There are 2 protein chains.
Amino acid sequence: MSGQLAVVGLGPGDGRWLTPEAAGVLVAADAVYGYGPYLDRVPVREGQARHASDNREEGARATAALGHAARGAKVAIVSGGDPGVFAMAAAVCAEIEAGPEAWRALDLVIVPGVTAMLAVAARVGAPLGHDFCAMSLSDNLKPWELIERRLDAAASAGFVIALYNPISRARPWQLGTALERLRRHLPDATPVVFGRAVGRADERIVITELGDAVAANADMATLIIVGSRETRAVARPCGAPLVYTPRAAAGAST
Amino acid sequence: MSGQLAVVGLGPGDGRWLTPEAAGVLVAADAVYGYGPYLDRVPVREGQARHASDNREEGARATAALGHAARGAKVAIVSGGDPGVFAMAAAVCAEIEAGPEAWRALDLVIVPGVTAMLAVAARVGAPLGHDFCAMSLSDNLKPWELIERRLDAAASAGFVIALYNPISRARPWQLGTALERLRRHLPDATPVVFGRAVGRADERIVITELGDAVAANADMATLIIVGSRETRAVARPCGAPLVYTPRAAAGAST
């Protein structure tokens, strides 16, 4: 019997975003690995082993799951959102490259999911309706200077910017500095969306403008979308404005 | 009775990527609008009206659906992938902004989905594992010069690049020109993934290098991922290499 490792995206908090493929793979798994709060979202199946770990132990979690699969089990690792976006799939690939030759022969399946920026965007309209980028603001794994260079490049070239991992206790100043940096390139009126815990009971969506956006709007569970010069906020009689980026760029012939 | 307009992402071709939320909204709809091939993926429900239109009639489709919802019906518009990424959600928002005041009061729901780049990435590993951008290569709605500027900015700042709408009969030369442009910034060995019709019976995934990437690898149903300098292709004993972008950038302290 040969093992399998599945890296499974759960989507953001709401169970209605868990795809049938992900649900099926999770039911079939002999063992499930993941960060505790993500594991808690997987329905318990009798006889299925569960291995919770801390959210900063991606490498160790990946090697444990790979070793387990290499012994012949069907193993799943869960990620919130999509596993390929700032999540477990890259960690698993890196451990496969660094690990024993046998791991490269493993049956590896990546199960995509709805990533947070898509769910946050859906709550407010279509801010990602035109060219956009996704960046992690964490400088744990890259130098801060590189993050600033990417913010400059993205904002000045007109990409809408989705910011993952905007802030944490160990990284308190980075988000404020990033917003300040973006104000060099973009007008104060540029729409900014703070989407916290989207799909969960404690979801909170705040729509503001770049001139008023402050780091206090965000915590570890927040995904931020900073518009481009083309992004619009359309007032509505009830509720929040509709935020969207037109499909046509200014200067287009149509 | 007040109407509702839902803009629903079906995910890429495979029905196992249709979220439970999307399935529920589609069952509840009085009428479904969409590009014919997407509509064909929605299970038929007796009494539900269907309005198929051509894939270049987004504006007309949006206004028809908005008008229908404004008369009190529960209306759904379907998009492949995620409706907020180069799809119907931005078209609907634009028509709401331009249309009668009553449309702003409509109950508008956007239902996110798995967008093509996530599904293609999952097939090959984790090429979007670090900072990345998504661009449409169509110059129908923006000038070609702007596309080139964004390609330059994204490639030189180290973003992995997902290219939507790479080629069509009316736009035959743009993809080749874009690949040539990217070769100014990136080594010939940079991994490139062509993902055609992902999740459908006629899916075809081609992994190549930037130096060998040609427009003939793509058609209208193809999503292309061009790696950054950090993206790696790891050979495996069976099947295709594993393509991933490490979470840690070169120069990071950890």
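Everything in this summary refers to the structure shown in the same document. (Residues numbered from 1 in each chain as written. Chains lettered and ligands numbered in written order. Predicted model: local features only at pLDDT ≥ 70, side-chain atom pairs only at ≥ 80, totals over all residues. Heavy atoms only, no water.)

What follows deals with the relation of the copies chain A and chain B. With an axial shift of 0.0 Å and an RMSD of 0.0 Å, the rotation relating chain A to chain B amounts to 180 degrees. This pairing of chains is accounted for by a two-fold axis. Every residue of chain A has its C-alpha some distance from the rotation axis, and the shortest such distance is that of cysteine 133 of chain A, at 1.9 Å. Counting the interface residues of chain A, we find that 100% of their copies in chain B are interface residues as well, pointing to one common contact surface. (Least-squares fit on C-alpha atoms with pLDDT ≥ 70 in both. Contact = heavy atoms within 4.5 Å.)

Moving on, we get to the interface of chain A and chain B. Facing the 71 residues of chain A at the interface are 71 residues of chain B. Buried area between chain A and chain B, summed over both chains or domains, comes out near 6,100 Å², and the portion from carbon and sulfur atoms is 62%. Considering only the side of chain A, the residues that lose the most area to chain B are Leu141, Arg150 and Arg247 of chain A, jointly responsible for 12% of the buried surface there. No other element matches the seven residues that helix α4 (residues 88–98) of chain A contributes to the side of chain A that touches chain B. Along the lines of polarity and charge, the residues of the side of chain A that touches chain B split into 43 nonpolar, 15 polar and 13 charged. (Buried area = accessible area lost by both parts, 1.4 Å probe. Helix = DSSP H or I, 4+ residues; strand = E, 2+ residues; numbered from the N terminus. Nonpolar A, V, L, I, M, F, W, Y, C, P; charged D, E, K, R; others polar.)

Attention now moves to helix α3 (residues 58–70) of chain B. All names here are of chain B. Between its terminal C-alpha atoms α3 stretches 18 Å, which fits the 18 Å expected from 13 residues at 1.5 Å a residue. When α3 is considered as a whole, its buried residues turn out to be Arg61, Ala62, Ala65, Leu66, Gly67, His68 and Ala69. Where the residues of α3 are buried, they touch β1 (4–9), β2 (31–35), β3 (49–53), β4 (74–79), α4 (88–98) and α5 (101–104). (Expected span 1.5 Å × (residues − 1). Buried < 20%, exposed > 50% of the residue type's maximum accessible area, 1.4 Å probe, protein only.)

Within the open sheet, the three strands sit side by side as β6-β13-β12 (chain A). Their pairing is mixed. Both edges of this open sheet fall to β6 (125–126) and β12 (232–234) of chain A, since each of them pairs with a single strand only. Sheet topology places β6 of chain A next to strand β13 (residues 242–244) of chain A; two bridges connect them, and they run parallel. Pairing of glycine 125 of chain A across the sheet is with valine 243 of chain A, part of β13 of chain A. Here α4 of chain B sits on the sheet in contact with β6, β12 and β13 of chain A, set at roughly 125 degrees to β13 of chain A. (Pairing = 2+ DSSP bridges. Axes fitted to C-alpha atoms, helices over the stretch in contact; angles between N-to-C directions.)

A separate point is the packing of α3 of chain B against α4 of chain B. All names here are of chain B. Axis separation between α3 and α4 bottoms out at 9 Å; the angle between their running directions is 65 degrees. Between α3 and α4 lies a crossing of right-handed hand. On the side of α3, the interface is formed by Glu58, Gly59, Arg61, Ala62, Thr63 and Leu66, while α4 contributes Met88, Ala91, Val92, Glu95 and Ile96. Taken together, the residues of the contact of α3 with α4 break down into six nonpolar, two polar and three charged. (Left-handed = near helix turned anticlockwise from the far one by under 90°.)

This part is about helix α1 (residues 20–28) of chain B. Residues and elements named next belong to chain B. All of the buried residues along α1 are Glu21, Ala22 and Leu26. Down the axis of α1, the sector holding all buried residues measures 130 degrees, keeping them to one side. Buried-residue contacts for α1 involve β1, β2, β4 and β5 (107–111). (Arc of directions from axis to C-beta.)

Time to look at the sheet that holds strand β1 (residues 4–9) of chain A. Residues and elements named next belong to chain A. With parallel pairing, five strands are arranged side by side in an open sheet as β3-β2-β4-β1-β5. Edge positions in the sheet fall to β3 (49–53) and β5 (107–111), since each has one partner strand and no second. Between one strand axis and the next, the sheet turns through 15 degrees on average, direction left out of account. As paired strands, strand β2 (residues 31–35) and β3 are joined by five bridges and run parallel to one another. When the bridges of β3 are listed, alanine 31 appears paired with alanine 49. In the packing of helix α3 (residues 58–70) onto the sheet, the strands contacted are β1, β2, β3 and β4 (74–79), and the crossing angle to β2 comes to about 175 degrees.

Quick look at the side chain of serine 136 of chain A now. Assignment of secondary structure puts serine 136 of chain A in strand β7 (residues 132–136). A polar contact is formed between the side chain of serine 136 of chain A and the backbone nitrogen of serine 138 of chain A, at a distance of 3.2 Å. Apart from the residues lying within four places of it in its own chain, the contact partners of serine 136 of chain A are Phe86, Lys142, Ile147, Tyr164 and Asn165 of chain A together with Asp131 of chain B. (Polar contact = N/O pair within 3.5 Å; in protein donor to acceptor, adjacent residues only side chain to side chain.)

With that settled, consider the packing of aromatic side chains. All chains considered together, the criterion is met by eight aromatic pairs over all chains. Plain terms: the ring middles of phenylalanine 86 of chain A and tyrosine 164 of chain A are 5.1 Å apart, the flat faces sit at 50 degrees to each other, and that makes the pair tilted. One end of the pair, phenylalanine 86 of chain A, is in the loop between β4 and α4; the other, tyrosine 164 of chain A, is in strand β8 (residues 160–164), and 78 residues separate them in sequence. A single burial state applies to phenylalanine 86 of chain A and to tyrosine 164 of chain A, both of which are buried. Joined through ring pairs, the aromatic side chains of Phe86 and Tyr164 of chain A together with Phe132 of chain B make up one cluster. (Phe/Tyr/Trp six-rings, centres within 6.5 Å; stacked < 30°, edge-to-face > 60°.)

Residue and element names in this part refer to chain A. Summarising the element assignment, arginine 61 is placed in helix α3. Despite its burial, arginine 61 pairs with no opposite charge; the closest candidate is glutamate 58, at 5.5 Å N-O. A distance of 2.7 Å separates the side chain of arginine 61 from the side chain of serine 53, its partner in a polar contact. Reaching out from arginine 61, the side chain makes a polar contact with the backbone oxygen of aspartate 54 at a distance of 2.7 Å. If sequence neighbours within four positions are ignored, arginine 61 has contacts with Tyr33, Gly34, Tyr35, Ser53, Asp54, Asn55, Ile77 and Met88. (Lys, Arg positive; Asp, Glu negative; His and termini not counted. Salt bridge = Lys/Arg side-chain N within 4 Å of Asp/Glu carboxyl O.)

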